[in-house]
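# Coordinates in review
Single-letter residue listing:
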Amino acid sequence: MSKIHAAITGVAGYMPDYVLTNQELSTMVDTNDEWITTRTGIKERRILKGEGKGTSDMAYKAVNELLAKTNTQPEEVDLIICATVTPDHVFPATANLIAAKTGCVNAFNYDIGAACSGFIYALSSGATFIESGRYKKVVVVGADKMSSIIDYTDRTTCIIFGDGAGAVMLEPTEEEVGIIDFMHKSDGNGVEFLRMKAGGSSYPATHDTVENREHYVFQDGKTVFKFAVTNMADYAAKIMERNNLTGDDVDWLVAHQANKRIIDATSNRMGINDEKVMMNIERYGNTTSATIPTLLWDYESQLKKGDNLVLAAFGGGFTWGALYVKWAYDPK
Ligand code: UT7
């Protein structure tokens, strides 16, 4: 019997309506459109507004669209994995809330926390469940309400992040398409350079942690930039090498949208042209777990069956990795 592959059979997304422009940010902190555009490539980002609204409120909309697009009844879904660093609650898992809101009553669900690499870690985990032959429909979500953990008085972080959600369906196939290969890596020594210090078990919330603004993202941008450039490009190149792919063989680079300069360095290292590089950082900023599925969502109509995609990410932790994906369907 031939090997079972996990094919991506559909993709969907959700972006909140509110557009936070560079212009509006320049009224909040000492920054300007020119600095943000040249240093990051970002022009605007989306923000989820509304009392009591959390990550699951964006994610369930993406999953509803995914179920409709793939003609899937909610009861057929076996598993939902949600990558997020901004769960609705510390527990229960946001994936479980998504399942309840979409009627996926037969699924078991859990979250993955790997910061900006969360979606690629979740995708390879979901693929492994499919390849085992045990499950037939796995929904992989990447969703973050970054605005809930961003300090809008800190110009070094508030210009970067935005909110959003994306989701893909994984199903088994015996064709040579789907998730072909993946390589991941983590390094816990990166903790001090990119993290939200308080709110976990080592620094539970107190008046002091709130006063010291420790419930927000802290990033040593320069250090993270250096690690991101090296490691994301390294793993994208490694997965190509392991699968005998040259720059000409790769149809699309689908890279985490943290900074346009990091994405450019990665595509240079891979030897691929700009027109093969998916990009939505200009409109959405860095949506953490949602960057890669929303890229697939935005570019879906341009993807053809058999296209070679390299997915690559780098994030807090540190975490990083790359996947080789053969696209499984033509535009519908
Ligand atoms: O997604 C997870 C992983 N995260 C990443 O991959 C992000 C990696 N890091 C980065 O993308 C970049 O480091 C940033 C975009 C965060 C910062 O860009 P940079 O080119 O590394 O700037 P910098 O931190 O070296 O700052 C340069 C200057 C500083 O001023 P001085 O010290 O040279 O006078 C900053 O104070 O720019 C200043 N600055 C700003 N100026 C205007 C910092 N933020 C701003 C701002 N507007 N928003």
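Parameters and conventions
- Residues numbered from 1 in each chain as written.
- Predicted model: local features only at pLDDT ≥ 70, side-chain atom pairs only at ≥ 80, totals over all residues.
- Heavy atoms only, no water.
- Helix = DSSP H or I, 4+ residues; strand = E, 2+ residues; numbered from the N terminus.
- Rg over C-alpha atoms; globule rule 2.2 N^0.38 Å.
- Buried < 20%, exposed > 50% of the residue type's maximum accessible area, 1.4 Å probe, protein only.
- Contact = heavy atoms within 4.5 Å.
- Areas by Shrake-Rupley, 256 points an atom, 1.4 Å probe, with all protein chains shown as cover.
- Pairing = 2+ DSSP bridges.
- Axes fitted to C-alpha atoms, helices over the stretch in contact; angles between N-to-C directions.
- Near = heavy atom within 4 Å.
- Polar contact = N/O pair within 3.5 Å; in protein donor to acceptor, adjacent residues only side chain to side chain.
- Nonpolar A, V, L, I, M, F, W, Y, C, P; charged D, E, K, R; others polar.
- Domains from an automatic or database assignment.
- Buried area = accessible area lost by both parts, 1.4 Å probe.
- Salt bridge = Lys/Arg side-chain N within 4 Å of Asp/Glu carboxyl O.

## Looking at the overall build of the protein
- Along its length, the protein carries 10 helices and 13 strands.
- Relative to the compact-globule value of 20 Å for 332 residues, the protein shows a C-alpha radius of gyration of 19 Å, a close match.
- In the protein, buried positions account for 55% of the 332 residues.
- Of the contacts formed within the protein by residues at least 6 apart in sequence, a portion of 77% connects residues at least 24 apart.
- Accessible surface computed for the protein: about 14200 Å², of which carbon and sulfur atoms make up 50%.

## Concerning the sheet that holds strand S13 (residues 319–326)
- Here we have 4 strands laid out as an open sheet, ordered S8-S13-S12-S11, and mixed in their pairing. A strand with exactly one partner marks an edge of an open sheet, and here the two such strands are strand S8 (178–186) and strand S11 (252–255). Averaged over all pairs of adjacent strands, the angle between strand axes in this sheet comes to 15 degrees, irrespective of strand direction.
- Pairing of S11 with strand S12 (residues 308–315), which is carried by 4 bridges, proceeds in the parallel orientation. Looking at the pairing, Val254 lines up with Leu311 of S12.
- Along the sheet, helix H5 (residues 118–131) contacts S8, S12 and S13; its crossing angle with S8, the most-contacted strand, is approximately 130 degrees.
- Taken strand by strand, helix H7 (residues 221–242) contacts S8, S11, S12 and S13, and its axis lies near 150 degrees from that of S12.

## Describing the environment of Gly166
- Structurally, Gly166 is set in strand S7 (residues 163–173).
- If sequence neighbours within four positions are ignored, Gly166 has contacts with Ala12, Gly13, Ala62, Val140, Val141, Gly142, Ala290, Pro293 and Thr294.

## A word on the site of the ligand
- Around the ligand lies a shell of 24 residues, among which Thr31, Arg39, Lys222, Asn259 and Asn286 are the nearest.
- In the environment of the ligand, a nitrogen atom lies 2.6 Å from a nitrogen or oxygen atom belonging to the side chain of Thr31.
- At a separation of 2.9 Å, an oxygen atom of the ligand approaches a polar side-chain atom of Arg155.
- About the coverage of the ligand: the protein hides 75% of its 950 Å² of free accessible area.
- Where the shell around the ligand is concerned, the elements lending two or more residues are helix H2 (33–40), H7 and helix H8 (260–270).
- A total of 5 residues in the shell around the ligand trace back to one element, the largest contributor, which is H7.
- A breakdown of the residues in the shell around the ligand according to their chemical character gives 11 nonpolar, 8 polar and 5 charged.
- Mapping the shell around the ligand onto the domain boundaries places at least three of its residues in each of domain 1 (5–176) and domain 2 (180–326).

## Describing the domain arrangement of the protein
- Here the domain parsing of the protein yields domain 1 (5–176) and domain 2 (180–326).
- Each of domain 1 and domain 2 was reduced to a C-alpha centroid, and the two centroids are 14 Å apart.
- Each partner contributes residues to the interface: domain 1 has 51 residues there, and domain 2 has 45 residues.
- The contact between domain 1 and domain 2 buries some 3800 Å² in all, and 63% of this surface belongs to carbon and sulfur atoms.
- One can count 3 salt bridges joining domain 1 with domain 2.
- Between Lys305 and Glu175 there is a salt bridge, with the nearest N and O atoms lying 2.8 Å from each other.
- Applying the counting rule to domain 1 against domain 2 returns 22 residue pairs in polar contact (both at pLDDT 80 or more).
- Sorting the residues of the side of domain 1 that touches domain 2 by element identifies strand S1 (5–14), H2, strand S3 (44–47), helix H3 (55–69), H5, strand S6 (138–145) and S7 as the ones contributing at least two each.
- Per-class residue counts for the side of domain 1 that touches domain 2 are 24 nonpolar, 15 polar and 12 charged.

## Describing the sheet that holds S6
- As summarised here, the arrangement of the 5 strands in space is S1-S7-S6-S4-S5, forming an open sheet in which the pairing is mixed. The outermost strands of the open sheet, each flanked by one partner alone, are S1 and strand S5 (108–112). Recorded for the sheet is a direction-independent mean angle of 20 degrees between the axes of neighbouring strands.
- Bridge count for S1 against S7 is 9 bridges, and the pairing is antiparallel. Within S7, the position partnered with Tyr14 by the bridge is Ala165.
- Strands S1, S6 and S7 of the sheet are contacted by helix H10 (residues 291–299), whose axis makes an angle of about 85 degrees with S1.

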